[in-house]
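Remarks on the overall topology
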Amino acid sequence: MEEQIPPARRRRGIYLLPNLFTTAALFAGFYAITAAFNGHFEVAAVAIFVAMILDGLDGRVARLTNTQSAFGAEYDSMADMISFGAAPALVAYIWSLTLLGKIGWVAAFVHAAGAALRLARFNTQISTADKRYFQGLPSPSAAAILAGFIWFSETYGLSGESMRYVSLGLALMTGLLMVSNFRYYSFKDVDLRGRVPFVWAILVMLVFAFIFTNPPLMLFVIFTTYAISGPVLTLLWLRKMRSERRT
């Protein structure tokens, strides 16, 4: 009689490469919190920007290597909650919002809760949403506004005490914009692998040179401008829809 061969078992596990980038982003966010507890606020702000870079790489690495998975998507959301929800809120609270008492921790909670709600809504609408636009301010951009402001203030000797009300307004603004219905351009339809005119290479070089002239100020201005672009873009879109209905 022929010996029966048992059916091959499916190998269970996770893809290592993209999850390494996600873990590194999670570590950067956690390190930002510990740096803030030790009074190193500039280092904490830089760590949040490092988490942003790593967060942008993990998805692209997964797509390039064809290693997307449901586990990776869920893990990425958990890491984003720490790096762009809890970390900026806690860093801002320790730096200046703690001086405002209950109002301060409420503002920090608004940012953290806004990030959680934003990520939950993104995960539930990922299959139906328009890929060209985000609904609500993306959590990395919201975190960059707080981190950029703290980095800029620390660089120019502005204390958290003197900037506490500005920090309060930014924390509330970023939290509310993340759960808003404003449309933000996602840049996902930009083909990075296609051919582009040579002038685009020059423009990219100028943008990098512009940022490196004063990184804390330029990053804060860029992401604040992006946050403002959502309401402007939405108003223009609504105006266009109304004009089309009339005609």
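Per an unreviewed UniProt entry, the recorded name for the protein is CDP-diacylglycerol--serine O-phosphatidyltransferase, and the organism is Methylocaldum szegediense. A UniProt comment under Sequence similarities (unreviewed entry) is attached to the protein, and it reads "Belongs to the CDP-alcohol phosphatidyltransferase class-I family."

**Focus: a positive patch on the surface**
A cluster of basic side chains, namely Arg60, Arg63, Lys131 and Lys188, defines a positive patch on the protein surface. Examined against the element boundaries, Arg63 turns out to sit in helix H2 (residues 41–64). Owing to a relative accessible area of 53%, Arg63 belongs among the exposed residues under this scheme.

**Side note on the environment of Phe21**
Tracing the sequence through the fold places Phe21 in helix H1 (residues 16–37). It is 9.0 Å that separates the C-alpha atoms of Phe21 and Gly56, two residues lying 35 residues apart in sequence.

**Focus on the packing of aromatic side chains**
Any aromatic ring pair is given by two values, namely how distant the centres are and how the planes are angled relative to each other. According to the stated counting rule, one finds 10 aromatic pairs in the structure shown. Centroid distance Phe49 to Trp151: 5.8 Å. Interplanar angle 50°. Geometry classified as tilted. Of this pair, Phe49 sits in helix H2 while Trp151 sits in helix H5 (residues 139–155), and the two are 102 residues apart along the sequence. A relative accessible area of 10% places Phe49 in the buried class. Taking the relative accessible area as the measure of exposure, Trp151 reaches 14% and is therefore buried. On the basis of an interplanar angle of 50° and a centroid distance of 6.4 Å, the ring pair of Phe49 and Phe223 is categorised as tilted. Of the two residues, Phe49 sits in helix H2 while Phe223 sits in helix H8 (residues 215–246), which places them 174 residues apart along the sequence. With respect to burial, Phe49 and Phe223 carry one shared label: buried. Members of the aromatic cluster, joined through ring pairs, are Phe49, Trp151 and Phe223. The side chain of Arg183 reaches across the aromatic face of Tyr133, ending 4.1 Å from its centre.

**A look at the UniProt feature "transmembrane region" (unreviewed entry) in the protein**
In the numbering adopted here, UniProt assigns the feature "transmembrane region" (unreviewed entry) to residues 12–33, 133–153, 165–184, 196–212 and 218–238. Secondary structure across residues 133–153 divides into 71% helix and 14% strand, with the first and last C-alpha atoms of the span separated by 31 Å. Along residues 165–184 one finds 70% helix and 10% strand; the C-alpha atoms at either end are 27 Å apart.

**Examining a nonpolar patch on the surface**
On the surface, a nonpolar cluster with roughly 730 Å² of combined accessible area is contributed by Phe198, Val199, Trp200, Ile202, Leu203, Met205 and Leu206. Here Met205 lies in helix H7 (residues 198–213). Using a relative accessible area of 52% as the deciding quantity, one classes Met205 as exposed.

**Side note on H2**
When the terminal C-alpha atoms of H2 are compared, their 35 Å separation across 24 residues agrees well with the 34 Å that a helix rising 1.5 Å per residue should span. Positive phi appears at Asn66, one or two residues downstream of H2, with a value of about 55°.

**A few points about the packing of H2 against helix H3 (residues 70–95)**
Between H2 and H3, the shortest axis-to-axis distance is 11 Å and the interhelical angle comes to 165°. Classified by the angle their axes make, H2 and H3 are roughly antiparallel. The two elements H2 and H3 cross, and the hand of that crossing is left-handed. In this structure, H2 contributes Phe41, Ala44, Ile48, Ala51, Met52, Asp55 and Asp58 to the contact, and H3 contributes Asp76, Asp80, Ser83, Phe84, Ala87, Pro88, Val91, Ile94 and Trp95. Here the contact of H2 with H3 is composed, by residue class, of 11 nonpolar, one polar and four charged.

About the cut-offs
Each residue is numbered by its place in its chain's sequence as written, counting from 1. Given that the model is predicted, a residue must reach a pLDDT of at least 70 before its local features are reported, and side-chain atom pairs must reach 80 or more before they are shown or counted; all residues, however, enter totals for whole chains, interfaces and linings. To get the side-chain values, all heavy atoms of the structure are used, and hydrogens and water are removed first. UniProt positions are given in the numbering used here, feature names are shortened, and annotations may be inferred rather than shown by experiment. Patch membership requires over 30% relative accessible area and the absence of a salt bridge. Like charges are linked within 9 Å, and nonpolar side chains (Val, Leu, Ile, Met, Phe, Trp, Tyr) within 5 Å. Calculation of accessible area relied on Shrake-Rupley with a 1.4 Å probe; when residues are assessed, cover is drawn exclusively from the protein chains displayed. The rule for a salt bridge is simple: a side-chain nitrogen of Lys or Arg has to be within 4 Å of a carboxyl oxygen of Asp or Glu. For this count, His and the chain ends are skipped, Lys and Arg are scored as positive, and Asp and Glu as negative. A charge is said to be at NZ when it belongs to Lys, at CZ for Arg, at CG for Asp and at CD for Glu. Under the DSSP-based scheme used, a helix requires at least four consecutive residues in state H or I and a strand at least two consecutive residues in state E, with every element numbered from the N terminus. A 1.4 Å probe rolled over the protein chains alone gives each residue an accessible area, and that area as a share of the maximum for its type sets the label: buried under 20%, exposed over 50%, partly exposed in between. Any pair of Phe, Tyr and Trp rings, taking the six-membered ring for Trp, is counted once the centres come within 6.5 Å. Such a pair is stacked with planes under 30 degrees apart, edge-to-face with planes over 60 apart, and tilted for the rest. The criterion for a charge sitting over a ring is simple: Lys NZ or Arg CZ within 6 Å of the ring centre, and within 35 degrees of the ring normal. An expected span of 1.5 Å times one less than the residue number is assigned to each helix. Axes here refer to lines fitted to C-alpha atoms; in helices the fit is confined to the stretch in contact. Angles between the N-to-C directions go from 0 to 180 degrees. When describing relative orientation, an angle under 35 degrees is termed roughly parallel and one over 145 degrees roughly antiparallel, while 65 to 115 degrees is termed roughly perpendicular and anything else oblique. The sense of a crossing depends on the near helix, which, turned anticlockwise from the far helix by less than a right angle, makes the crossing left-handed and, turned clockwise, makes it right-handed. By definition in these notes, contact holds between two residues if any of their heavy atoms fall within 4.5 Å. Note on residue classes: Ala, Val, Leu, Ile, Met, Phe, Trp, Tyr, Cys and Pro are nonpolar, Asp, Glu, Lys and Arg are charged, and everything else, Gly too, is polar.

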